[in-house]
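So the chains spell out like this:
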Amino acid sequence: MEVKIEQSWKEALRSEFSKPYFEELVATLHREKQEGRVIFPPGGRIFRAFELTPLDQVKVVILGQDPYHGYGQAMGLSFSVPEGVPAPPSLVNIFKEIESDLGIHMSGSPDLEPWARQGVLLLNAILTVRSGEPASHSRIGWQEFTDAVIRTVSDRCDGVVFMLWGNFARSKRDLIDTGRHHVLEAAHPSPLARGAFFGCRHFSTANRLLIQENKEPINWQL
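No experiment lies behind these values; they were computed from the predicted model shown.

In the contact formed by helix 3 (residues 20-34) and helix 7 (residues 142-156), the axes pass within 9 Å of each other and the chain directions differ by 130°. It follows from the interaxial angle that helix 3 and helix 7 lie oblique. Crossing hand, helix 3 versus helix 7: left-handed. Contacts from Tyr 21, Phe 22, Leu 25 and Leu 29 in helix 3 reach Trp 142, Glu 144 and Phe 145 in helix 7. Taken together, the residues of the contact of helix 3 with helix 7 sort by class into six nonpolar, no polar and one charged.

Glancing now at the side chain of Asn 93. Along the chain, Asn 93 falls in helix 5 (residues 89-102). Not counting residues up to four positions away in its chain, the partners in contact with Asn 93 are Pro 189, Ser 190, Pro 191, Phe 197 and Phe 198.

In the contact formed by helix 5 and helix 9 (residues 202-212), the axes pass within 8 Å of each other and the chain directions differ by 60°. The angle between the axes of helix 5 and helix 9 places the two elements in the oblique class. Between helix 5, through Ile 94, Glu 97, Ile 98, Asp 101 and Leu 102, and helix 9, the contact on the second element is made entirely by His 202, Phe 203 and Ser 204. Counted by class, the contact of helix 5 with helix 9 contains four nonpolar, two polar and two charged residues.

Before going further, it helps to examine the environment of Ser 80. By secondary structure assignment, the location of Ser 80 is in the loop between strand 2 (60-64) and helix 5. It is 8.9 Å that separates the C-alpha atoms of Ser 80 and Tyr 68, two residues lying twelve residues apart in sequence. There is a polar contact of 3.3 Å between the side chain of Ser 80 and the backbone oxygen of Pro 110.

The next thing to look at is the sheet that holds strand 5 (residues 161-165). Across the sheet, four strands lie side by side as 3-2-5-6; this open sheet has parallel pairing. Every interior strand has two partners, whereas the edge strands, strand 3 (120-124) and strand 6 (182-186), have only one. On average, each strand axis in the sheet is inclined to that of its neighbour by 20°, with strand direction left out of account. Bridge count between strand 2 and strand 3: five bridges; the pairing is parallel. Along strand 3, the bridge assignment pairs Val 60 with Val 120. Relative to strand 3, helix 7 is tilted by about 155°, and along the sheet it contacts strand 2, strand 3 and strand 5. Across the sheet, helix 9 is in contact with strand 2, strand 5 and strand 6; its angle to strand 5 comes to roughly 160°.

So, on to the pairing of strand 3. Most of strand 3 sits inside the fold, with five of its five residues counted as buried. Alternating positions in strand 3 separate into two faces, Val 120, Leu 122 and Asn 124 on one and Leu 121 and Leu 123 on the other, with burial throughout.

A word on unusual backbone geometry. Put simply, Phe 40 and Pro 41 share a cis peptide bond, and its omega is -10°. Checked against the element boundaries, Pro 41 lands in the loop between strand 1 (39-40) and helix 4 (48-52). The backbone of Arg 201 sits at a positive phi, close to 55°, despite the residue not being glycine. In this structure, Arg 201 sits in the loop between strand 6 and helix 9.

Conventions we followed
Residues numbered from 1 in each chain as written. Predicted model: local features only at pLDDT ≥ 70, side-chain atom pairs only at ≥ 80, totals over all residues. Heavy atoms only, no water. Axes fitted to C-alpha atoms, helices over the stretch in contact; angles between N-to-C directions. Helix = DSSP H or I, 4+ residues; strand = E, 2+ residues; numbered from the N terminus. Parallel < 35°, antiparallel > 145°, perpendicular 65-115°, else oblique. Left-handed = near helix turned anticlockwise from the far one by under 90°. Contact = heavy atoms within 4.5 Å. Nonpolar A, V, L, I, M, F, W, Y, C, P; charged D, E, K, R; others polar. Polar contact = N/O pair within 3.5 Å; in protein donor to acceptor, adjacent residues only side chain to side chain. Pairing = 2+ DSSP bridges. Buried < 20%, exposed > 50% of the residue type's maximum accessible area, 1.4 Å probe, protein only.

Honestly, it's all geometry; don't read function into it.
This is the structure in structure tokens:
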């Protein structure tokens, strides 16, 4: 199958696309669509994070778990929803932390594409989901693929800031060469974490680390 993905990623991940697990993953998606299941995000946006943030431009990785499973929400970027869609609770808490951490005002725009275009890889560990069924594609092979993505960033880039929020994201730490990269860990921004995310100051810390790496800091304001 020809995977429509940005060229630098396509070359770096070429071997993954021909592995049996990936062929089976693609077959599963095709089969479910033929059965009439609705899958998010739309096909053209499954690899949107890679399209907006080429491999050689990755400066920060924010790892999510699963795409949003409601209509009109998932857009191929972790934690992000399109303009005009209400910001989900986790994203609201992310904005609250940014305002507190950086002393800036967020407009409330839930579309994180401006971050992605600055080098923030907004990566979900699972890239698709059935409508209304959270984690429904967690066992079809996506995690093997995105683990390879994390290793690729670790191996081919330098001085990347990885933000790992919650136990699931933290479980990916072993894929990262911490001698070459910076790993920031915190509770998940979900309200279920009862506010434990607040005060992590990851956004100011990330920018300080990027400056130390002689990289342009991220403009987090939306």
